[in-house]
Each structure stands twice: as structure tokens, then as C-alpha cells.
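Chain by chain, the residues:
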Amino acid sequence: MMSEIAGAAWVLPLTFALQGVSAALILIRLIRGPHATDRVVAIDALTMIGIGVIALLALATAQAVLLDAAVVLALVSFLGTTAFIPMFRRRGRGPDERVTTADTPLPPAAATPVPARAGRNPPALGRTTEDAPSGEDTP
């Protein structure tokens, strides 16, 4: 069963062209880098563009089986992206990376002594164990 898509005469070619432009820009990022993480993100983005192209082909040709191929490509892309995780664990910095404020360790917290409690129940809010009536535990 084929149904007509409103504006298909100009919308589908326009979306194919825009995806081609974005794929060209992503290829530039893939080639230029400058870091390996940029290249991994570019490869992931190219696979997402490929998924979009396959979905548009399924829409243009009315072949639903192409959507299965898009789903398989998405799953393989996810597995491929997660395979790069061990490569990017922080063991040290390269010569081209700088330390930012988020990377600097926090100073140690001021050591404040925690007072020992005589009773087994914690003191109520706003009252200390000294404020409690004598001979009673605080609630």
C-alpha cells in the first residue's frame, strides 16, 4: 500500500541534499581531528547520517525492509562506539591536552571533630543533648 507524501517532490530531495552537506562537514572533522575523540564522534555522526539516509530511502521507495537495516546499523554503531571506551580512559594526559579547573583535585575538607553522643537516639532537630531534660534520651 503506497500513500502519497505531501511535498515529496521537493522535501525528499532537499533532505537528501542537506544530509549530503552534513556528511561532507563531518568528513572534514573526521580528517582534521585534532583529537581521537573528535574522530570517534565523527564516525558516530556519519553512521547516524547513514541511518537517516536509509530511513529516507525507505520512505521514498515505500520499502519497509530498509527500516530493519537502519535498526541493525544503529545497533552496530552503538556497539562500535562503546568499544572505544577503554581507549579513552584517563591514564595520563597527552602533550596537547591542558589541565582545566574541572580536572584539578579538590582541596581536602576541613576536619571537624564529630562529638560523641551519650544516648543511643540522635538529638532532635534544633536541640542538642545539652538542651535535653536530664534523665531522658532525646527523641
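The preceding data block contains the structure.
Just so it is clear, the structure is predicted and the values come from calculations on it, not from any experiment.

1. Looking at the overall build of the chain
Then comes step 1: If you tally the helices and strands in the chain, you get three helices and zero strands.
Then comes step 2: Traced from its N-terminal end to its C-terminal end, the chain shows the element sequence α-α-α.
Then comes step 3: When burial is assessed residue by residue, the chain has 12% of its 139 residues classed as buried.
Then comes step 4: For the chain, long-range pairs separated by at least 24 residues make up 35% of all intrachain contacts whose partners lie at least 6 apart in sequence.
Then comes step 5: About 11,000 Å² of surface is accessible on the chain, with carbon and sulfur atoms providing 67% of the total.

2. Digging into the side chain of Ser77
Then comes step 1: Looking at the element boundaries, Ser77 is found in helix H3 (residues 65–83).
Then comes step 2: Filtering out sequence-adjacent residues up to four positions away, Ser77 remains in contact with Asp44, Thr47 and Met48.

3. As for the side chain of Gln19
Then comes step 1: Looking at where Gln19 falls in the secondary structure, it is placed in helix H1 (residues 8–32).
Then comes step 2: At 3.4 Å, the side chain of Gln19 forms a polar contact with the backbone nitrogen of Val53.
Then comes step 3: Sequence-distant contacts of Gln19, that is, excluding residues within four places in its chain, are made with Ile49, Gly52, Val53 and Leu56.

Definitions and limits used
- Residues numbered from 1 in each chain as written.
- Predicted model: local features only at pLDDT ≥ 70, side-chain atom pairs only at ≥ 80, totals over all residues.
- Heavy atoms only, no water.
- Helix = DSSP H or I, 4+ residues; strand = E, 2+ residues; numbered from the N terminus.
- Buried < 20%, exposed > 50% of the residue type's maximum accessible area, 1.4 Å probe, protein only.
- Contact = heavy atoms within 4.5 Å.
- Areas by Shrake-Rupley, 256 points an atom, 1.4 Å probe, with all protein chains shown as cover.
- Polar contact = N/O pair within 3.5 Å; in protein donor to acceptor, adjacent residues only side chain to side chain.

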